[in-house]
Amino acid sequence: DELCHLHSMRLGRLSLLACLATRRASSFVPLNKLATNESIKKLSCRDSTTCRFSSGGSGVDGTVSLKHVGRVEMKAIVEDYEELGREGSGFIVMDVRNPDEINYTGKLSPNTLTVPLPAIMQMNLFELEAKEFEEVCGFAKPMLEETIVFSCAAGIRSVHAANIAAQAGYSNLVNYMGGANEWFSPS
């Protein structure tokens, strides 16, 4: 009886995870418990390409826009990023997948920076001083005016990473909705 109950609970959790993994990032509403700061109260999507985060007042009305992009837009961003670099393109492409996932598929591009979401959350990375951020991550901390492009496997964890960046005052945020699942799948 107890074994059947545990099996049933496990299947329920797996179903929930499968459901979350297949939801589009533009309709995903993160739980406030996952945020590390009380400043983000909600995420309200106005359409399929832009969401607005309530933040500590980064925007004129206290919100920060999160632009969602698909494969075509992401390809253009990555081409600019690879050709012109971080400074020339104005982009920082950051993959928030775990190392085992990246080892399995590879990086989106040679210069894509890897910072797993658990590390971002546990260390509140975007709140660190520049020197400490660089020591932890191995690259210079993004400037507030730079555009951070987040990617993960399916566009869900990247929304969480954007939430955390918004809390720290970043306002130029982009989420690749398809993530590595789309990027590495045949066209």
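Source: prediction; values computed, not measured.

Enquirer: Can you help me understand the overall build of the protein chain in this one?
Expert: A tally of helices and strands in the protein chain yields seven helices and seven strands. Reading the protein chain from its N terminus to its C terminus gives the helix and strand order α-β-β-β-α-β-α-β-α-α-β-α-β-α. Across the 187 residues in the protein chain, those meeting the buried criterion constitute 43%.

Enquirer: So what exactly am I meant to see when it comes to a negative patch on the surface here?
Expert: Judged by side-chain charge, Glu129, Glu132, Glu134 and Glu135 come together as a negatively charged surface patch. Topologically, Glu135 is positioned in helix H5 (residues 130-137).

Enquirer: What is the right way to read the environment of Gly70 from this model?
Expert: Within the element layout of this structure, Gly70 appears in the loop between strand S3 (63-69) and helix H2 (71-89). Put simply, Gly70 and Gly155 are 85 residues apart on the chain and 10.0 Å apart in space, counted from C-alpha to C-alpha. Excluding its chain neighbours within four sequence positions, the residues that come into contact with Gly70 are Tyr176, Met177 and Glu182.

Enquirer: For this particular structure, what's the right way to read the packing of aromatic side chains?
Expert: For any pair of aromatic rings, geometry is given as the distance between the ring centres together with the angle between the planes. By the definition in use, this model includes five aromatic pairs. Each ring, one from Phe126 and one from Phe133, has its centre 6.3 Å from the other, and the planes form 35°; the classification is tilted. Phe133 matches Phe126 in its accessibility class, with the two residues each being buried. A ring pair is formed by Phe133 and Phe139, whose centres lie 5.5 Å apart and whose planes are at 80°; its orientation type is edge-to-face. Each member of the pair, Phe133 as well as Phe139, is classed as buried. Ring pairs connect the aromatic residues Phe126, Phe133, Phe139, Phe150 and Tyr170, which therefore count as one cluster.

Enquirer: I keep staring at the confidence of the model for the protein chain and nothing clicks. Help me out?
Expert: For any part of a model where pLDDT is low, the fine detail of the predicted coordinates should not be relied upon. Here the protein chain averages 77 in pLDDT, while 67% of its residues score no lower than 70. Scored below 50 in pLDDT, residues 1-48 shows 57 contacts in the model against residues more than four places distant or in partner chains.

Enquirer: For this particular structure, what's the right way to read the pairing of strand S4 (residues 91-95)?
Expert: Regular strands have side chains that alternate between both faces of the sheet. Burial runs high along S4: five of the five residues are buried. Sheet topology places S4 next to strand S6 (residues 147-151); five bridges connect them, and they run parallel. By the bridge assignment, Val93 is partnered in S6 with Val149. With two bridges connecting them, S4 and strand S5 (residues 113-114) associate as parallel partners.

Enquirer: Explain the environment of Gly106 to me, please; I cannot follow it from the model alone.
Expert: Residue placement: Gly106 occurs in the loop between helix H3 (99-105) and S5. Considered as a pair, Gly106 and Phe184 are 78 residues apart in the sequence and their alpha carbons are 8.9 Å apart. With near-sequence residues (within four places) excluded, Gly106 lies in contact with Arg97 and Phe184.

Enquirer: What am I meant to see in the pattern of salt bridges here?
Expert: For side chains bearing opposite charge, pairing can occur when the charged atoms are close. For the structure shown, the criterion picks out three salt bridges. A salt bridge links Asp95 to Arg97, with the shortest nitrogen-to-oxygen separation between them at 2.8 Å. Each member of the pair, Asp95 as well as Arg97, carries the same accessibility label: buried. Of the charged contacts in the structure, one is a salt bridge between Arg157 and Glu101, with a shortest N-O distance of 2.8 Å.

Enquirer: Explain the side chain of Arg86 to me, please; I cannot follow it from the model alone.
Expert: Assignment of secondary structure puts Arg86 in helix H2. In terms of polar contacts, Arg86 uses its side chain to reach the backbone carbonyl oxygen of Ala140, at 3.0 Å. There is a polar contact of 3.2 Å between the side chain of Arg86 and the backbone oxygen of Lys141. Beyond its immediate chain neighbours, meaning those up to four positions away, Arg86 contacts Tyr81, Phe91, Ile92, Phe139, Ala140, Lys141, Pro142, Met143 and Glu146.

Conventions used here
Residues numbered from 1 in each chain as written. Predicted model: local features only at pLDDT ≥ 70, side-chain atom pairs only at ≥ 80, totals over all residues. Heavy atoms only, no water. Helix = DSSP H or I, 4+ residues; strand = E, 2+ residues; numbered from the N terminus. Buried < 20%, exposed > 50% of the residue type's maximum accessible area, 1.4 Å probe, protein only. Patch = residues over 30% accessible without salt bridge, like charges linked within 9 Å, V, L, I, M, F, W, Y side chains within 5 Å. Areas by Shrake-Rupley, 256 points an atom, 1.4 Å probe, with all protein chains shown as cover. Salt bridge = Lys/Arg side-chain N within 4 Å of Asp/Glu carboxyl O. Lys, Arg positive; Asp, Glu negative; His and termini not counted. Charge placed at Lys NZ, Arg CZ, Asp CG, Glu CD. Contact = heavy atoms within 4.5 Å. Phe/Tyr/Trp six-rings, centres within 6.5 Å; stacked < 30°, edge-to-face > 60°. pLDDT = per-residue confidence, 0-100. Pairing = 2+ DSSP bridges. Polar contact = N/O pair within 3.5 Å; in protein donor to acceptor, adjacent residues only side chain to side chain.

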